[in-house]
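Fold and geometry: a report
Listed here are the chains, written in short residue letters.
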Amino acid sequence: MSEKKNAHTIARSSNTNAKATATKAKETAGKAKDTAGEAGTTAKTAASGAATTAAHTAHVAADKAQVAAEKAVATGRTVAAEAPKKAAAAAGSAWTAIKARKVLTAVAGAGAAAAGATAAIVLRRRAARRRSPLARLTGGRFGA
């Protein structure tokens, strides 16, 4: 009978232990459920925040792209408007250089002619000084 009592006591204590374990499992499951609910809420909040941030970033990037495109168009217009002016200025400069080249050539030619004439005059005078008085009197025909 004592064996029956021991078996009955063991069964009772096992039953009590099982109930306590079941209660703890229920509590743990409840806590896990609450934690999962909080995690879900946090995930929803994080996803919402990420979506908002992504939308804001995309909007800012689009604004910057639009500003850059407007600047590029303005620069293109400026370059297109100034190109004929620059071409005309370059042509004017080239024409001025050609004119100046003609003038410089003329001045150089006149200078060379003047130098040649001056040299001829100086050489004639030198040659005239070397002549004897008879050669000077007869124009260099006699008494050279």
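Residues numbered from 1 in each chain as written. Predicted model: local features only at pLDDT ≥ 70, side-chain atom pairs only at ≥ 80, totals over all residues. Heavy atoms only, no water.

**As for the overall build of the protein**
Helix and strand content of the protein: two helices and zero strands. A total of 144 residues make up the protein; the buried ones form 1% of that total. (Helix = DSSP H or I, 4+ residues; strand = E, 2+ residues; numbered from the N terminus. Buried < 20%, exposed > 50% of the residue type's maximum accessible area, 1.4 Å probe, protein only.)

**What to know about a nonpolar patch on the surface**
On the surface, Leu134, Leu137 and Phe142 cluster together into a nonpolar patch covering about 370 Å² of accessible area. When you line up the elements, Phe142 lands in the segment after α2 (133-137). For Phe142, a relative accessible area of 55% gives the class exposed. (Patch = residues over 30% accessible without salt bridge, like charges linked within 9 Å, V, L, I, M, F, W, Y side chains within 5 Å. Areas by Shrake-Rupley, 256 points an atom, 1.4 Å probe, with all protein chains shown as cover. Salt bridge = Lys/Arg side-chain N within 4 Å of Asp/Glu carboxyl O.)

**Looking at the UniProt feature "transmembrane region" (unreviewed entry) in the protein**
What UniProt calls "transmembrane region" (unreviewed entry) maps, in this numbering, to residues 103-123. Structurally, residues 103-123 is divided into 100% helix and 0% strand, and its ends, taken at the C-alpha atoms, are 30 Å apart. (UniProt positions renumbered as here; feature names shortened; annotations may be inferred.)

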